[in-house]
Amino acid sequence: MRRKIRIVLSLIIVIIAIFGYAHISKTHAIYDRTIDPSEYGSVTANPDTTLEQSFVSEENCLDGIRIKGSENGDISQVYIHYTLKEMSTQKQVAEGEINAKEALSRQFYELPFQRIEGCNGEAYILQVEQYTTDQESSVSFMYERKAEENTNMLVDAEEIDGTVVMKTVTKRFDLETFFVVLVFAVYIMFFIRLLYKLFK
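In this text, all values refer to a predicted model and were calculated from it rather than measured experimentally.

Novice: I'm lost on unusual backbone geometry in this one. Help?
Specialist: Most peptide bonds take the trans configuration, and most residues that are not glycine carry a negative phi. Despite not being glycine, arginine 106 shows a phi value in the positive range, around 55°. Assignment of secondary structure puts arginine 106 in the loop between β7 (104–105) and β8 (108–116). With a relative accessible area of 79%, arginine 106 lands in the exposed category. Positive phi outside glycine occurs at glutamine 135, with the angle close to 65°. You can see glutamine 135 is positioned in the loop between β9 (123–132) and β10 (138–144).

Novice: Looking at this structure, how should I read a nonpolar patch on the surface?
Specialist: Residues Phe184, Tyr187, Ile188, Phe191, Ile192, Leu194, Leu195, Leu198 and Phe199 make up a contiguous nonpolar surface patch of about 980 Å² in total accessible area. Along the chain, leucine 194 turns up in helix α3 (residues 175–199). Owing to a relative accessible area of 47%, leucine 194 belongs among the partly exposed residues under this scheme.

Novice: Where do I start with the nonpolar core in this structure?
Specialist: If you look at the biggest cluster of nonpolar residues, it comprises 32 residues, and the most contacted ones within it are Leu51, Phe55, Ile67, Ile80, Leu126, Val128 and Phe141. Listed in part, the six residues of the second largest apolar core include Tyr31, Tyr40, Phe108 and Val165.

Novice: How do you make sense of the sheet that holds strand β3 (residues 51–56) when you look at a structure like this?
Specialist: Sheet strands pair by backbone hydrogen bonding; their relative direction is either parallel or antiparallel. In spatial order, the strands read β6-β5-β9-β3-β11-β12; together these six strands make up an open sheet with antiparallel pairing. The open sheet has two edge strands with one neighbour each: β6 (92–99) and β12 (158–160). Averaged over all pairs of adjacent strands, the angle between their axes in this sheet comes to 25°, without regard to strand direction.

Novice: Any chance you could explain the pattern of salt bridges here in plain terms?
Specialist: Opposite charge on two side chains allows them to pair when their charged atoms are near. Under the definition given, this model contains four salt bridges. The partner of aspartate 32 in a salt bridge is lysine 146, with the nearest N and O atoms 3.6 Å apart. Of the two residues, aspartate 32 is situated in the loop between β1 (23–29) and β2 (41–44) and lysine 146 in the loop between β10 and β11 (152–155); the sequence distance between them amounts to 114 residues. Owing to a relative accessible area of 37%, lysine 146 belongs among the partly exposed residues under this scheme. The shortest N-O distance in the salt bridge between arginine 66 and glutamate 110 comes to 2.7 Å. Taken together, the residues arginine 66 in strand β4 (residues 62–72) and glutamate 110 in strand β8 connect sequence positions 44 residues apart. According to the relative accessible area criterion, arginine 66 is partly exposed, its value standing at 22%.

Conventions adopted
Residues numbered from 1 in each chain as written. Predicted model: local features only at pLDDT ≥ 70, side-chain atom pairs only at ≥ 80, totals over all residues. Heavy atoms only, no water. Helix = DSSP H or I, 4+ residues; strand = E, 2+ residues; numbered from the N terminus. Buried < 20%, exposed > 50% of the residue type's maximum accessible area, 1.4 Å probe, protein only. Patch = residues over 30% accessible without salt bridge, like charges linked within 9 Å, V, L, I, M, F, W, Y side chains within 5 Å. Areas by Shrake-Rupley, 256 points an atom, 1.4 Å probe, with all protein chains shown as cover. Salt bridge = Lys/Arg side-chain N within 4 Å of Asp/Glu carboxyl O. Core = buried A, V, L, I, M, F, W, Y, C linked by side-chain atoms within 4.5 Å. Pairing = 2+ DSSP bridges. Axes fitted to C-alpha atoms, helices over the stretch in contact; angles between N-to-C directions.

Structure, rendered in structure tokens:
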């Protein structure tokens, strides 16, 4: 009886741990991931230049944006300013500013903002500018050289045939991650139990 209780408690603990692990930053790319990065173009959104990218949200909530970029000089001297507007009303729903070095993670710059609700199927416009304290360093943002469906890219109000290499970020429970990790954990448990019986 005690053994069964220990097994049940162990399973409950494992499920709770996996449930916590499955709360992730879920991303949706608005660009074509199959395109070779060597074919990307780049644009530097300096104080005199405004980069805009419109997109349609695939999630009901948004917590941030990730944009792929490259470093030019000392990016600890670079600050990225960004705003997010509803396309239909032009209402600003998010704004932020972040140091480029602090924002950089795996070649993407994380642009966080307070959670926006009711986003699924809604069109938004991301505007990005940057300024530097040393007048030399900058960040170049990557874009693919074709416009994806339901997107529009502008540089200083001039339309560009391209799509910024960016992802939307939503912090939520991901069912797919939960089941994948759960199946893996169950497999490991049964494998260990099998080994225990073989060498007992």
